[in-house]
Structures are given as C-alpha cells and as structure tokens.
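Topology and contacts: notes
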Amino acid sequence: MLTLSSDFGSPYPAAMKGVALQSTDARLVDVAHDFPRQDVRAAAFWLREVLPYFPPAVHLVVVDPGVGTDRAAVVLRAGKHAIVAPDNGVAVPAARALDEDVEVFEIEVEDPASSTFHGRDVFAPAAADVHERGVERFHEYAGYEPTSDHETVSFPTPDFEGDAVVGEVLVVDGFGNAITNVPGRVLDDRFGGDVVVNGQPAPVERTYANVDAGQRLVTVGSHGNVELAANRGRGDDAFGVATRSRVALEW
Amino acid sequence: MLTLSSDFGSPYPAAMKGVALQSTDARLVDVAHDFPRQDVRAAAFWLREVLPYFPPAVHLVVVDPGVGTDRAAVVLRAGKHAIVAPDNGVAVPAARALDEDVEVFEIEVEDPASSTFHGRDVFAPAAADVHERGVERFHEYAGYEPTSDHETVSFPTPDFEGDAVVGEVLVVDGFGNAITNVPGRVLDDRFGGDVVVNGQPAPVERTYANVDAGQRLVTVGSHGNVELAANRGRGDDAFGVATRSRVALEW
Amino acid sequence: MLTLSSDFGSPYPAAMKGVALQSTDARLVDVAHDFPRQDVRAAAFWLREVLPYFPPAVHLVVVDPGVGTDRAAVVLRAGKHAIVAPDNGVAVPAARALDEDVEVFEIEVEDPASSTFHGRDVFAPAAADVHERGVERFHEYAGYEPTSDHETVSFPTPDFEGDAVVGEVLVVDGFGNAITNVPGRVLDDRFGGDVVVNGQPAPVERTYANVDAGQRLVTVGSHGNVELAANRGRGDDAFGVATRSRVALEW
C-alpha cells in the first residue's frame, strides 16, 4: 500500500501516481493533496493525525517549499511503515506517532529531470522503490544511507499560568474548526460549564449539537486537542481566529 | 467494493480509509467528500442519483450533523447493496432507488474513541465489517439488530396549479446548474419553445449548446428533473436562484 | 488501468466510475476532475503533461462543451495507450505525446439515456469496453470505425522578434504559476540574470527558493515552458496575468 500526501492540488498528483505505477502494483490511497500551501507545520500536524490509522504502508509526502535547493530527500522508517519525504521535518511527528523508534535514511538523488517537480522526479520513484524492495529491506540496496542528521518540526508548547493556558491555533480544518496546541485534558472537569477564550466566555461541550445552530463552543476534537468550533458554522469566524492565532483560555 | 461519501472535505476521509483498510482489502471508491456541509437533504439527493450506477457494494455515508448525540447508526440493505450511515435519513432515498425492499438494521455502537469523529471511529469499522461478513449475512452476527423505527428524508413535492407548477431548487451542482424537484415530464412537449420561470421567459432546450454561450435555458438534467442552466455559464446566477429557492414554471 | 479526467467537479465522476465498474475490474486512477470548466485547450495542455507518465492504460477524458450536439465520440490509439474522448481535439496533444503514430476510431453511439451526461452514458461504458477488449484489439469489434476526419487542438505559437518573444499564458496552476507557451530554452543562458516581462524586469531562476518569499521570478517549469511564478506566492497575481494573457519577454 502506498499513500500520497501533498500540497499540489491538481493535476500534479496524477503525474506522481503514473510514475509510481510504472514500477509498483501497490494500492494507492490519497491522504490529501490540499494541505495549506508550503505550510510544513500544518502538514506535519495532519500527517500525525491521519497516518497512524493506516495498516503498514509506504507513505509518499511532498510539502516542499525548498524544492530545487540542496535539502535532502529522506526515508523515515517507523515500525512497518516508511515515509518518503523531503528533509524538512514534515514527516517526523507522524513517524514518531507510528513508532517510538524512527530510523532515517538519506536518499541518494541523481540529477532529476526538473528542478521544480521533485514529487514526480524524485519522491514518487523513491516511494515505489521502497515499496517494491520492502520496508524491512530497502536500505540494504544502494541509494539509501542511514543518517542521524535530519530536520524536524516541533509544535509549539502551550504556556500554563495559574488558572490560564496560552496556546495557538495549529490548523483550521475545512469545517472551520480551529484546532489548538492545548491538550484536551485541561477541559476534563469543565464540560457543561464555561471557559473564557481570549476574554469572552464560551460553553464547553462534548459535541457540536449541544449548542444551538450557529452558536460557538469549545470542545476536544478527535485529535485530543482543544478545538474552537461552532455548531453548523465555522469556529474560526465565530472566535475571530486563524492559523497561528494566539488562544488564551481562562477559568 | 466499498464506496465512501461525506461532507468531510480533506484530510478526514483518509482516516476513514485507513481504518477500513485495517480489516478489508475491498476496492475503495470515493463518491464525494464535498457534499454541502451538514445538508442531509442535498446529500440524500446526490446519493440517490449516483449510487444506483454502482455494481453491488457496501456504501459508507457520513453526513452527520447529529454526531455525538444519541442518534443511531444503521445499515440499510437494498438488494445486493448495503449502506452504512447515521440514522438521519440521508441514505434512505438512495436505498429505495437501489431496491424497492429496504431492510434496516441498527448497529450496536460501543463507546467510540471520540465524540466528534464517528466517521472514523464508528462508521468506517462498521462498513468494513459489513463488507467482510457479506451483505447477505452480516446481520447474522452480533451487533446488528433489525428495526422498523428509523428516520427518513423526503424531497418536497411540487405543486401543480393549472398551467403552472411551483417547486424549489434541491441542489446546485458545481457547474451552477440549479436542479429542481419538478419532474422533467412537464417539459415533454415544450422543447424548442419557451417557459416562464419566476415571471421571465426562458427557452426550453435538450442540450446546453442549443443556446448561445452565456444564455440561460431550461432543460431536463441527467437525473430526470427540470434544471435551470446557462450554456458555458452558471444557471444559478443566470436565474437568480440558490438551494431551496422557489421556482415557478408557467406556460 | 483506466484513468479518468474531466471538468465535472463532484459527484458526477463517481457515476462514471460506477458505470465503468459494472463491466471492468480495472484499476481506476483519477487524473483530475477540476480542469477549468469547458476549456478544451487547458485540458489538452494538462493531459499532454500528465498522461505520458502513466504505464499503458485506457484514459477516459470528458471535457465536452458540445455535449448533446452531433459531435462524435472517438478513441485515439497511441502505442499501448487508448484515449476515449469527445471529438473536440482535447485528447490529441496527449495522444501525440504518447506516440508519434495516432490512430483515430469513431465510436458508434446508440441513443444515450441522457442528452447532458454523456460522460456517464457514452464515454464511461466505451472506455470500459476498450479496456476489456484490449487496446490492441478493440477495433476488431463492432462499434469502432477508423476515421481520418477528426478535430484537433493547437497551442498558439509564440512570436520571436529579435531580442523579444511574445507568447501567452496557457494555464495557471493551483499554486498560481502562470505557464506560458514560450519554450524554456529561451532562458538557457539567462539564469541568475534578469528578463523584462511585459515591460518590467524580473529575475530568472531555476528554483523558487532562489528569491525571497513573496518575490516574483521567471523560471522553466516541469513541463519545459517558461513560467511566471512567485516564491511562496502566486505568480499570476505577482505578474498581473491570467489564462490567455499576452506575455512579452525581452532581454
């Protein structure tokens, strides 16, 4: 199984699929091709949330603002999974969520056909190759060099200060839910009550439908983080926040 | 074969696919993940139009404004097809289009991992389970209880009044075609002529290209309903209508 | 393998897939369903760029502003590939890129179920049929007539005038890169320098990251054409161009 993730929109992912299918019969599964453009941190968040739900697979990930520079291409091996990605850290949180032990291999890249579409010319062939050789054995072949020198992405840590915590919005999903970096456990005893968000009170509820249509709420999303939402509406608009906005919660 | 439909956008459907692939090797086919958000009636319309074109399959459908409430999860069996969906009626018109006899089973749901993402935690595992056990036999296993008490969705009926019919727009497709609830047969003898739409005349044509680019027309869409369209343009803009707009046709 | 391309958006492509799967077990791969609406030339460009990366396949292409008129339906055979499409030229550049010898067959079409959705009622069944009969042999069966009378699409040729070339924007991709009809070789000796675009100088660079975030650049895209871009921004906005805009390059 080979999954594909990128910020490419359309139709570029199809070229990656065509290239991969030249050398593998693997099942292809799209994770997403509409990650926020060149936002490595947002992609890292989504990959960490989604990839662990897959059975063993090779995951092709291309969110690559440094395409054409000398940033390396890597394979991250995590348990029975492998992630093929640019060495900008985008795949590291997902790899760590898949397995506590992550091994990193640098891919030896020959001059690619283009300097702007490594997804097609570098990463898709490499992902197909790792799939065909096998996640357990690909590194025994030429072209893969173990390395401990690689980039990573860290999510910011919220600040706890007495009866408050200050975090930020990591991503806004397509529904408009603003997903923060604040762990959901801060709301453990507060469901059915209120919390003050950036100075204004809002109800804390387990499900959207517990408030009226259009009303805002604070909840814990499926990712386990505090989420600013609105029932049948957009949480980002209702709370006036966007990606990277500061979110102060007080009680 | 397992089809997937939702209003989830991206990347949430990928988590459903990952979960399903943990327990089935079925072919996965996306129907759509961009149904109008939480619009159960619109999704019900599209599913009724699309699912009958598929060979026997299990269809996973998640348009679920009541997620986290006590609404049930159901399997609708219709001939050699099964639809796994929330019990809000979204799948009923499609099931009836697939087979005149529809049996409904309530799914026994254990506490899911999340209260906001039942697509991943409840419906995807159930759909994979129905697929693996088989549409003919899944209900012989624990966890599926026949029921006659379930929700449904009805499309509004147009009002016929002498030389006029008053209906409404059910959905607007991506081209901007406004699809009404008026049966296409009202136009049977009128092709090549005119009909009055909300007080203004418009030509009745079998194909878009029969009018000049940018010009509006009334036609019968592939779904068999009266459709307000524009050649190489948007019918909703040309007629000033949107989903749920009133549409009066006179001749 | 069966690829699918259209300007249908969603959920119409799913009906085509359902119909195809009634008669083939082929792997289905989406190329794109968001080609600019009814822009035959833009679709022709993208298909030429993407289809050659695929292994032998049948390609279903439906960008069809003339649906319901008497335009023919054709199969273009190019090497081990076949493209099933309306006879409006949309698939001709891709076919020629796949193989220098292209044979064209007209599909005998019985009265379809609808006059507005030939993708579902004509092209999908035909593509599945070509796949099942085989690219090498489908034409030996009834319903496929060799023809030399078919439409084509030509891309405009840029005008070279001394130290200048005047072309136009063929398509704008999802990143906002404006892809012109000017061959990349005109920039061969100019990387690291400047070129004058519509009267204003801009740097010529091999990769986006060679200029600061938000800055514009001229580059050669993965398709080999001159492209107007911006690092981590939209080239179309930065250069004030759109599809079919005139682009004059001087040095």
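One structure accompanies this document, and this report is about it. Treat the numbers as computed from the prediction; the structure is a model and nothing was measured.

1. Concerning the interface of chain B and chain A
Contacts between the two partners involve 27 residues from chain B, matched on the other side by 27 residues from chain A. Here chain B packs against chain A, burying approximately 2,300 Å² in sum over the two surfaces, 58% of which is carbon and sulfur. Along the contact surface separating chain B from chain A lie zero salt bridges. If you look at where chain B meets chain A, you find eleven residue pairs in polar contact (both at pLDDT 80 or more). With seven residues, the top contributor of residues to the side of chain B that touches chain A is helix 1 (residues 12-21) of chain B.

2. Topic: the relation of the copies chain C and chain A
Least-squares fitting of chain C to chain A yields an RMSD of 0.0 Å, with the superposition described by an axial translation of 0.0 Å and a rotation of 120°. These values place the two chain copies in the arrangement generated by a three-fold rotation axis. Taking C-alpha positions as the reference, the residue of chain C nearest the rotation axis is C:R27, at 5.2 Å. Mapped onto chain A, only 4% of the interface residues of chain C again fall at the interface, so the copies present different surfaces.

3. Looking at the pairing of strand 14 (residues 225-230) of chain B
All names here are of chain B. With six of its six residues buried, strand 14 lies for the most part within the structure. Relative to strand 14, strand 10 (residues 178-183) runs antiparallel, the two being bridged by three bridges. Note on strand 14: the bridge partner recorded for A178 is L228. Relative to strand 14, strand 13 (residues 216-220) runs antiparallel, the two being bridged by five bridges. Bridging across to strand 14, V220 finds its partner in V226. Counted between consecutive antiparallel strands, the loop separating strand 13 from strand 14 contains four residues, among which G224 sits at a positive phi close to 90°.

4. Some remarks on the environment of B:Q200
Residues and elements named next belong to chain B. One can find Q200 in strand 12 (residues 200-203). Exposure remark for Q200: the relative accessible area of 48% places this residue in the partly exposed category. Separated by 49 residues in sequence, Q200 and L249 have C-alpha atoms that sit 9.4 Å apart. Once you skip the residues sitting within four places of it in the chain, Q200 turns out to touch V195 and R216.

5. Quick look at the relation of the copies chain B and chain A
For the match of chain B to chain A, the screw axis carries a shift of 0.0 Å, the RMSD comes to 0.0 Å, and the turn is 120°. Both copies present different contact surfaces, since only 4% of the interface residues of chain B are interface residues in chain A too.

6. Here we look at the side chain of C:D7
All names here are of chain C. For D7, the location among the structural elements is in the loop between strand 1 (2-6) and helix 1 (12-21). Salt bridges are absent for the buried D7, whose nearest opposite-charge side chain, R37, sits at 5.2 Å. Here the side chain of D7 touches Q38 through a polar contact of 2.7 Å, landing on its backbone nitrogen.

7. Remarks on the sheet that holds strand 6 (residues 102-107) of chain C
All names here are of chain C. Strand order in the open sheet formed by seven strands is 2-1-3-5-4-6-7, and the pairing between neighbours is mixed. Only two strands of the sheet have a single neighbouring strand rather than two, namely strand 2 (28-32) and strand 7 (144-146). Across this sheet, the average inter-strand angle for adjacent strands is 25°, counted without regard to direction. Lying over the sheet, helix 4 (residues 118-133) contacts strand 1, strand 3 (58-62), strand 4 (73-78), strand 5 (81-86), strand 6 and strand 7, oriented at roughly 170° with respect to strand 3.

Calculation criteria
- The residue count restarts for each chain, going from 1 along the sequence in the order it is written.
- The naming scheme follows written order: chains are lettered A onward, ligands numbered 1 onward.
- Side-chain atom pairs in this predicted model are given and counted only at pLDDT of 80 or more, local residue features only at pLDDT of at least 70, and totals for whole chains, interfaces and linings cover all residues.
- Only hydrogens and water are removed before side-chain values are computed, so all heavy atoms of the structure are retained for them.
- By definition, residues are in contact when any of their heavy atoms lie within 4.5 Å.
- Two parts placed together each lose some accessible area under a 1.4 Å probe, and adding up what both lose gives the buried area.
- Whenever a carboxyl oxygen of Asp or Glu lies within 4 Å of a side-chain nitrogen of Lys or Arg, that contact is scored as a salt bridge.
- Polar contact is the term for a pair of N or O atoms within 3.5 Å; when the atoms are in protein, one must be able to donate a hydrogen and the other to accept it, and sequence-neighboring residues count only if both atoms are side-chain atoms.
- Here a helix means four or more residues in a row that DSSP labels H or I, a strand means two or more in a row labelled E, and each is numbered from the N terminus.
- A least-squares fit on C-alpha atoms brings the copies together, and the residues used are those whose pLDDT is at least 70 in both copies.
- Throughout, exposure labels follow a simple rule: accessible area from a 1.4 Å probe, protein chains only, divided by the maximum for the residue type, with under 20% read as buried, over 50% as exposed, and the rest as partly exposed.
- If DSSP finds at least two bridges between two strands, the strands pair.
- The positive count covers Lys and Arg only, the negative count covers Asp and Glu only, and His and the chain ends enter neither.
- Structural elements are reduced to axes, namely lines fitted to C-alpha atoms, with helices fitted over the stretch in contact, and the angle between N-to-C directions of any two is expressed from 0 to 180 degrees.

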